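Notes for the structure review
This is what each chain is made of:
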Amino acid sequence: MSSTVATPETSTIERRFVDTPKLELTRVTLEITSGPERGRRFVIDEEMAARVFIGRSAIASVRLQDPLVSRRHAALELTDGALRITDLASRDGTFVNGLRIESILATGGEVLRIGNTEIAIHRDAKPSSLALTEIDHFGRVVGQSREMRRLYGLFERVTLSDEPVVITGETGTGKELLAEVIHEMGPRASGPFVVLGAAQSKPDTLGAAFDEAAEGTLLIDELSELDTESQAELLRRLREDDGCTRVVVTTQRDLERDVESGTFREDLYYRIAVLNVELPPLRRRKGDIEILARHFWTTFGGQGPIPKAFLIRATCSEWPGNVRELANAIAMRIAHGAELDIRPLDSRDEGEHAKSLVETVLDADLSFPEARRRVLADFEGRYLERILEKHHGNVTRAAAASGIARRYFYAIRQRTKAR
Ligand SMILES: Nc1ncnc2c1ncn2[C@@H]1O[C@H](COP(=O)(O)OP(=O)(O)OP(=O)(O)O)[C@@H](O)[C@H]1O
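Computed from a predicted model, the values in this text were never measured in an experiment.

When helices and strands are tallied, the protein shows 15 helices and 18 strands. Evaluated residue by residue, the protein yields a buried proportion of 30% over its 419 residues. Expressed as a percentage of contacts within the protein between residues at least 6 apart in sequence, the contacts between residues at least 24 apart total 64%.

Here we come to helix α3 (residues 146-160). Spanning 15 residues, α3 covers 22 Å between terminal C-alpha atoms, matching the ideal 21 Å at 1.5 Å per step. The largest bend along α3 reaches roughly 30° and is located at Tyr152.

Here the focus is the site of the ligand. The environment of the ligand is formed by 18 residues, the closest being Thr171, Gly174, Lys175, Glu176 and Val323. Looking at the shell around the ligand residue by residue, the class counts come to 6 nonpolar, 9 polar and 3 charged. Counting only domains with at least three residues in the shell around the ligand, you end up with domain 2 (133-280) and domain 3 (283-336).

With that settled, consider the sheet that holds strand β6 (residues 82-87). Pairing within the open sheet is mixed, and its 5 strands lie in the order β4-β3-β5-β6-β9. Of all the strands in the sheet, the pair left with one neighbour each is β4 (62-63) and β9 (103-106). In this sheet, β6 lies alongside strand β5 (residues 74-79) in antiparallel orientation, the contact comprising 6 bridges. Paired with Ala75 across the bridge in β6 is Thr86.

What follows concerns unusual backbone geometry. The phi dihedral of Glu215 falls on the positive side, at around 70°, and the residue is not glycine. Position of Glu215 among the secondary structure elements: in the loop between α5 (203-212) and β16 (217-221). With a phi close to 55°, Glu222 is a non-glycine residue in the positive phi region. Structurally, Glu222 is set in the loop between β16 and α6 (228-240).

This next bit is on the nonpolar core. Among the nonpolar cores identified, the biggest contains 27 residues, and Val166, Ile167, Leu218, Ile220, Val248 and Val249 are the most heavily contacted of them. Those elements that provide at least two residues to this core are β14 (165-168), α4 (175-185), α5, β16 and β17 (246-251). With residues near it in sequence (within four places) discarded, Val166 still touches Val249, Thr251, Leu255, Ile272, Ala273 and Asn276. Residues Phe53, Ala75, Leu78 and Ile85 belong to the second largest nonpolar core, which totals 21 residues.

The next thing to look at is the pairing of strand β3 (residues 51-55). Both β3 and β5 contribute to a ladder of 4 bridges, which runs antiparallel. Bridged to Phe53 within β5 is Ala75.

Direction vectors running N to C along helix α9 (residues 289-299) and helix α11 (residues 322-335) enclose 45°, while the axes themselves pass 9 Å from each other. By the angle between their axes, α9 is oblique relative to α11. The two elements α9 and α11 cross, and the hand of that crossing is right-handed. Between α9 and α11, the contacting residues are Ile289, Leu292, Ala293, Phe296 and Trp297 on the first element and Val323, Leu326, Ala327 and Ile330 on the second. Here the residues of the contact of α9 with α11 are counted per class, giving 9 nonpolar, no polar and no charged.

Here the focus is the confidence of the model for the protein. Averaged over all residues, the pLDDT of the protein is 81; the fraction at 70 or higher stands at 82%. A low-confidence stretch, residues 1-23 (pLDDT under 50), is modelled with 18 contacts involving residues beyond four sequence positions or located in other chains. Throughout residues 338-354 the model reports pLDDT below 50, and contacts reaching past four residues in sequence, or to other chains, amount to 12 contacts. For this predicted complex, the interface score ipTM comes out at 0.99, while the overall pTM is 0.67.

Conventions used here
Residues numbered from 1 in each chain as written. Predicted model: local features only at pLDDT ≥ 70, side-chain atom pairs only at ≥ 80, totals over all residues. Helix = DSSP H or I, 4+ residues; strand = E, 2+ residues; numbered from the N terminus. Buried ≥ 20, exposed ≤ 12 C-beta atoms within 10 Å, placed from the backbone. Contact = placed C-beta atoms within 7 Å. Expected span 1.5 Å × (residues − 1). Bend = angle between axes of the 7 residues up to and from the residue. Near = placed C-beta within 6 Å. Nonpolar A, V, L, I, M, F, W, Y, C, P; charged D, E, K, R; others polar. Domains from an automatic or database assignment. Pairing = 2+ DSSP bridges. Core = buried A, V, L, I, M, F, W, Y, C linked by C-beta atoms within 7 Å. Axes fitted to C-alpha atoms, helices over the stretch in contact; angles between N-to-C directions. Parallel < 35°, antiparallel > 145°, perpendicular 65-115°, else oblique. Left-handed = near helix turned anticlockwise from the far one by under 90°. pLDDT = per-residue confidence, 0-100.

This is the structure we're talking about:
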């Protein structure tokens, strides 16, 4: 009788990332079978944005007129070989096969009902062409998950266009990086790239930034924080600018909700949200964790191969601070490669010789200045690691919370990284 033993080459971590072409849902047709728009059909395929909306809103890919349907009623996502349907806190609910749902994976053959509209979900299964592509980056944006690979086509179209683009995503998902890459890889690469923080912007600074970015790209960071006067100025500039300045904006917030609540101008929203890219959180594209971890390990000068145990833990984590948090965790892991052990006594491994901190440095036969330097350096590293963890890798917030100036914070980080 033969038995199979997992060799290092076929360990869980390796197998998990082998992306074999599977027969899975890559395209669905939605057919309205009853309601005011009976007979209309919509196709959702993997060339489209990762998440599209169904509702009465102008940005909904499946746009309905039914007055009982909310503006943004439900989200549709081709993921995990199925169509995920998620109700977006709609007024009258989303029903699949007669049952009210919050979120469900449909595989074809179901009937979706929203408002007075019934929609049949037809499947079209074929081996995914995405599974066969080898692309694992778009410029400096690294990622090989299905979710990212299907976005690369959209990134390309956005890069070649002159229209304004809204990049949405949680903190640390790479919105600013993508904005830079859109500029670097597009026809305006030789022009200026100007970044404006919306929270600090006033109409005159906004106007100046527009002028400065002429023939290039203007990135407006966290657009939802733009005050009312600056919103008016932005709208005016967009109308008058004649495509001289390419505008890219990022936002963590759902701008459409801000329009609904009245804090963001509707006319500006429609003028700016011509192209939309939604970057998924890292927990929804776990297939990227390994390649990103290896990328940061090399970039930050990690010695030898990245530790397997670290990779496994990284893959199981949720990463609320997304790619930024992963990058910081790797920087910290590298910085602490061979550190002096000053963990509290009760956290040490069993059998380990219990020593106080003072005993540890005394045993190491260090001079007082050297012992103090090492203990302090170790404290700084651990402190930074914890505070960054607490703030999901956001240096600005971590620096503010610890009362350390951001520049000093960066300096300590560089020092701990260099050790
Ligand atoms: N796909 C990726 N490939 C390589 N590096 C990435 C990727 N995504 C993010 N990063 C890196 O992670 C860090 C955070 O990314 P970035 O600042 O672009 O996030 P963000 O979405 O703009 O965050 P915030 O909303 O908090 O400003 C940066 O150092 C960026 O270079």
